[in-house]
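Letter by letter, the chains look like this.
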Amino acid sequence: MSGALSPDDAIEAIRGTGGAQPGCRALHAKGTLYRGTFTATPDAVMLSRATHLAGSKVPALIRFSNGSGNPKQRDNSPGVRGMAVKFTLPDGSTTDVSTQTARLFVSSTPDGFIDLLKAMRPGLTTPLRMARHLLTHPKLLGAFPLLREANRIPESYATAEYHGLHAFRWVAADGSARFVRYHLVPAANENYLSPAAAHGKDPDFLTDELNTRLEGGPVRFDFRVQIAGPTDSTVDPSAAWQSTQIVTVGTIEITGLDTEREHGGDIVVFDPMRVTDGIEPSDDPVLRFRTLAYSASVKLRTGVDRGSEAPHV
């Protein structure tokens with residue numbers, strides 16, 4: 001974890017990019033909660049002893065979102081989209097998965113991400129700041145095609161692929177272990193809109209479309225894990241993996257809107273550091289910093305200290 005950068009510094013920089021509002025998440029502010037289930041495949045139990053991977057159907061809470069900190073972000077604007085899942089385990093505890101349309105993160109460290117956000121701050125000197133940042137972070141230039149792909153406007157939340165940025169160590173019952181990255185792949189074909197087609201869409205069309213789609217039946221995603229190869233970094237979320245070994249470990253089935261959560265003082269946090277026995281976080285500094293930033297964000301938007309609810313870093 002970064003020594004100099006505090007979680008409060010990170011939230012201030014995120015909010016400085018514009019659009020963030022009090023009482024809302026610092027990022028992915030505009031989102032909708034859905035209910036569903038998860039059923040693991042027989043292959044899953046071979047990879048991890050985590051109880052939600054044993055094969056029984058477990059409840060799932062799913063949140064689709066726009067990546068921006070602006071809660072009024074238009075759905076027909078380019079931007080990263082998110083799909084977060086909270087699985088309820090047989091003992092009542094939960095574990096979270098956080099994915100987005102970006103395949104990779106823009107930096108290998110929290111400091112690098114915050115430096116980029118500061119360079120992106122709206123203003124007359126933004127182009128100069130960005131040019132200076134790219135000179136000192138040339139690797140970012142190579143990520144532009146992936147970022148452009150991540151910002152495409154999907155036809156539906158149900159027609160986009162979502163990716164976990166971080167590596168997790170899955171430990172099986174026999175003690176064998178491997179590092180994996182997560183990918184949530186829609187059962188529907190991937191489909192994105194041209195800028196012209198998106199222009200005529202309503203500002204909330206993604207939520208409206210998904211709600212209508214669910215009236216016709218459940219929406220499904222395959223939960224796939226990519227198993228790290230010998231040269232794949234488990235600590236750098238900005239580094240692509242070369243491994244082509246991918247295993248489908250289950251199906252997420254979304255059945256309808258959630259009407260129970262986030263009323264009154266109820267706070268829902270999807271924290272990728274909230275793992276369970278059989279799944280261990282890697283030493284990725286961005287992953288470990290995220291839980292601290294979430295706690296700072298929750299305190300800022302609700303006044304509530306997460307305390308022991310927050311995963312240990």
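First, a word on scope: everything that follows refers to the structure included in this document. (Residues numbered from 1 in each chain as written. Predicted model: local features only at pLDDT ≥ 70, side-chain atom pairs only at ≥ 80, totals over all residues. Heavy atoms only, no water.)

1. Remarks on the packing of aromatic side chains
In this description, an aromatic ring pair is defined by two values, namely the gap between the centres and the angle between the planes. Using the criterion set out here, one finds 13 aromatic pairs in the structure. Between the aromatic rings of Phe-64 and Tyr-157, the centroid separation amounts to 5.1 Å while the plane-to-plane angle is 20 degrees, which identifies the pairing as stacked. You can see Phe-64 sitting in strand E2 (residues 58-66) and its partner Tyr-157 sitting in the loop between helix H5 (139-150) and strand E5 (162-163), a full 93 residues away along the chain. Of the two residues examined, Phe-64 and Tyr-157, each falls in the buried class. Ring centres of Phe-64 and Tyr-162 lie 6.0 Å apart, and the angle between their planes is 55 degrees; this geometry places the pair in the tilted category. (Phe/Tyr/Trp six-rings, centres within 6.5 Å; stacked < 30°, edge-to-face > 60°. Helix = DSSP H or I, 4+ residues; strand = E, 2+ residues; numbered from the N terminus. Buried < 20%, exposed > 50% of the residue type's maximum accessible area, 1.4 Å probe, protein only.)

2. Considering the packing of helix H1 (residues 7-16) against helix H3 (residues 110-120)
In helix packing, the relevant descriptors are the interaxial angle and the interaxial distance, both defined with respect to the helix axes. Where H1 meets H3, the axes come as close as 8 Å, and the angle between the chain directions of the two elements is 30 degrees. Both H1 and H3 take part in a crossing whose hand is left-handed. Across from Ala-10, Ala-13 and Ile-14 in H1, the residues of H3 making contact are Phe-113, Ile-114, Leu-117 and Lys-118. (Axes fitted to C-alpha atoms, helices over the stretch in contact; angles between N-to-C directions. Left-handed = near helix turned anticlockwise from the far one by under 90°. Contact = heavy atoms within 4.5 Å.)

3. A word on the pattern of salt bridges
All chains considered together, the criterion is met by 16 salt bridges. Notably, a salt bridge pairs Arg-213 with Glu-209, separated by 2.9 Å at the nearest N-O pair. Within this pair, Arg-213 and its partner Glu-209 are both found in helix H7 (residues 205-215), separated by 4 residues, close to a single helical turn. Glu-209 gets classed as partly exposed once you look at its relative accessible area, which sits at 22%. (Salt bridge = Lys/Arg side-chain N within 4 Å of Asp/Glu carboxyl O.)

4. Side note on empty space enclosed by the protein
Overall, the coordinates contain 2 cavities of 30 Å³ or more when judged by the stated rule. The calculated volume of the largest cavity comes to roughly 60 Å³. Around the largest cavity sit 13 residues that line it, and Thr-95, Asp-96, Val-97, Tyr-182 and Ile-279 are the ones nearest its centre. Among the secondary structure elements, those contributing two or more residues to the lining of the largest cavity are strand E4 (94-100) and strand E6 (168-171). The element that contributes the greatest number of residues to the lining of the largest cavity is E4, accounting for 3 residues. In this structure, the second largest cavity spans a volume of roughly 50 Å³. As for the second largest cavity, its lining consists of Val-97, Ser-98, Gly-164, Leu-165, His-166, Phe-168, Tyr-182 and Pro-272. (1 Å grid on protein atoms, 1.4 Å probe; cavity = no way out; pocket = protein on both sides within 12 Å on 5 of 7 lines; lining within 4 Å. Points joined across faces, edges and corners; volume = space filled by probe spheres on them.)

5. Considering the layout of surface pockets
In this model, the second largest pocket occupies a volume close to 280 Å³. Lining the second largest pocket are 19 residues, and of these Val-106, Ser-107, Lys-139, Leu-140 and Ser-238 sit closest to its centre. Counting residues per element, the ones that place at least two in the lining of the second largest pocket are H3 and H5. Looking at the lining of the second largest pocket element by element, the count peaks at 6 residues for H5.

6. Remarks on H7
Along H7, the positions that sit buried rather than exposed are Phe-205, Leu-206, Thr-207, Leu-210 and Leu-214. Following H7 by one or two positions, Gly-217 has its phi on the positive side, about 135 degrees.

7. Digging into the environment of Pro-110
Positionally, Pro-110 belongs in helix H3. When its relative accessible area of 5% is taken as the criterion, Pro-110 is described as buried. Separated by 67 residues in sequence, Pro-110 and Asp-43 have C-alpha atoms that sit 34 Å apart. Contacts of Pro-110, omitting those with residues within four sequence positions, involve Leu-5, Pro-285, Val-286 and Phe-289.

8. With respect to the pairing of E4
A regular strand carries its side chains on alternate faces of the sheet. Burial analysis of E4 places 6 of its 7 residues in the buried class, which makes it a mostly covered element. By the bridge criterion, 7 bridges tie strand E3 (residues 81-88) to E4 in an arrangement that is antiparallel. Of the residues in E4, the one forming a bridge with Thr-88 is Thr-94. The turn joining E3 and E4, which pair antiparallel and follow one another in sequence, is formed by 5 residues; a positive phi near 95 degrees is taken by Gly-92. (Pairing = 2+ DSSP bridges.)

9. Details of the packing of H3 against helix H4 (residues 126-136)
Two elements in contact, H3 and H4, have axes separated by 7 Å at closest approach and are oriented at 150 degrees. Taken as axis vectors, H3 and H4 run roughly antiparallel relative to one another. Residues Gly-112, Asp-115, Leu-116, Lys-118, Ala-119 and Met-120 of H3 lie in contact with H4, whose contacting residues are Thr-126, Arg-129, Met-130 and His-133. Tallied by class, the residues present in the contact of H3 with H4 amount to 4 nonpolar, 3 polar and 3 charged. (Parallel < 35°, antiparallel > 145°, perpendicular 65-115°, else oblique. Nonpolar A, V, L, I, M, F, W, Y, C, P; charged D, E, K, R; others polar.)

10. So, the environment of Asp-277
By the secondary structure assignment, Asp-277 is in the loop between strand E9 (246-257) and strand E10 (279-281). Separated by 228 residues in the primary sequence, Asp-277 and Arg-49 place their C-alpha atoms 7.2 Å from one another. Apart from residues lying up to four places away in sequence, Asp-277 is in contact with Arg-49 and Ala-50. Of the polar contacts made by the side chain of Asp-277, one reaches the side chain of Arg-49; its length is 2.9 Å. (Polar contact = N/O pair within 3.5 Å; in protein donor to acceptor, adjacent residues only side chain to side chain.)

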